Amino acid sequence: GHLPKDLSVVVFDEAHRAVGDYAYVPLARELRTWCPSVLFLGLTASPGHEEEHIEEVRRNLFIETIVLRTKDDPDVAPYVQETDLSWIEVQPSEVITQVSGYITKYVHARFNQIRKYGFLRKRKNPQVRIQDLNEAYAQVFARRKGEFVPYLFQASRQINLARMGTHALLCIERQGVDAFLKFLEPKMRPGRSKVDASLVNDPLVQRAYKAARRWKGPSHPKLEPLVRVVS
């Protein structure tokens, strides 16, 4: 149907999702063109930890001002329940240590390649975060200026592989074996992209995958204490 021309306020709930190709992004643009005077309000309890992510959400939803509330703010405090926090530490299972070792090696090899193309030079391997990769990616595009430059094409490819490797690492370390397999397996199917094939055909990634497939224990060591506490 057609959008009314006289919208005054549009509220985007869970606004942190307004990144990449999530539907909020084109919708906000469309609404803005349709009713130039419309006001956007974005709400989220989890804006993200990285300034860059928050900045992207702000741009995509045309947000000018950010208002932050914590549980100590007078207008929030009355509604917050006291919580007791006790940490339960778990040791990584051998499969997590092993898989994470292979994938870390793979990711570091990508970082070394990326440096050869002139990016990421300010960061040592263990310090590289996903936002550094995103910044490097943006720099590649700025330099390309829309034309095809072979070395920049290769650089962007390595950055993509490094981003996927970093994601795989977060899957295995934070979520466990099941999440890791769920991330990799679709990339092994016929019809996958070249970059997916390049990731999963790498010998280090292959070894990580086989180790994860062989594992018979719990997906992640945090699950056992979790079930115990919940039950």
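The rules behind each value
- Residues numbered from 1 in each chain as written.
- Predicted model: local features only at pLDDT ≥ 70, side-chain atom pairs only at ≥ 80, totals over all residues.
- Heavy atoms only, no water.
- Helix = DSSP H or I, 4+ residues; strand = E, 2+ residues; numbered from the N terminus.
- Rg over C-alpha atoms; globule rule 2.2 N^0.38 Å.
- Expected span 1.5 Å × (residues − 1).
- Buried < 20%, exposed > 50% of the residue type's maximum accessible area, 1.4 Å probe, protein only.
- Arc of directions from axis to C-beta.
- Phe/Tyr/Trp six-rings, centres within 6.5 Å; stacked < 30°, edge-to-face > 60°.

## Some words on the overall build of the protein
Phase 1: When you go through the protein residue by residue, the secondary structure sums to 9 helices and 2 strands.
Phase 2: In the protein, the order of α-helices and β-strands from amino to carboxyl end is β-α-β-α-α-α-α-α-α-α-α.
Phase 3: For a compact globule of 231 residues, the expected C-alpha radius of gyration is about 17 Å, and the protein comes in at 22 Å, more than 25% above that figure.
Phase 4: Dimensions of the protein along its principal axes, counting C-alpha atoms only, are 60 × 60 × 40 Å.

## Considerations on helix α4 (residues 130-144)
Phase 1: Helix length check: α4 (15 residues) gives 21 Å between terminal C-alpha atoms against 21 Å at 1.5 Å per residue, within 8%.
Phase 2: Here α4 has its buried residues at Asp132, Leu133, Ala136, Val140 and Arg144. End-on view of α4: buried residues confined to an arc of 115°, all on one side of the axis.
Phase 3: Among the residues trailing α4, Lys145 stands out with phi positive, at a value near 45°.

## Comments concerning the packing of aromatic side chains
Phase 1: Under the criterion given, the structure shown has 7 aromatic pairs.
Phase 2: Each ring, one from Tyr22 and one from Tyr24, has its centre 5.1 Å from the other, and the planes form 85°; the classification is edge-to-face.
Phase 3: Overall, the relative accessible area of 32% leaves Tyr22 in the partly exposed class.
Phase 4: Aromatic side chains Phe40 and Phe62 sit 6.2 Å apart centroid to centroid with 45° between the ring planes, which places their arrangement in the tilted category. Here Phe40, found in strand β2 (residues 39-43), pairs with Phe62, found in the loop between α2 (51-60) and α3 (94-116); they are 22 residues apart in sequence, far enough to count as distant.
Phase 5: On the accessibility criterion, Phe40 (14% relative accessible area) is buried.
Phase 6: With a relative accessible area of 33%, Phe62 lands in the partly exposed category.
Phase 7: Within the aromatic cluster, the residues linked to one another by ring pairs are Phe12, Tyr22, Tyr24, Phe40 and Phe62.

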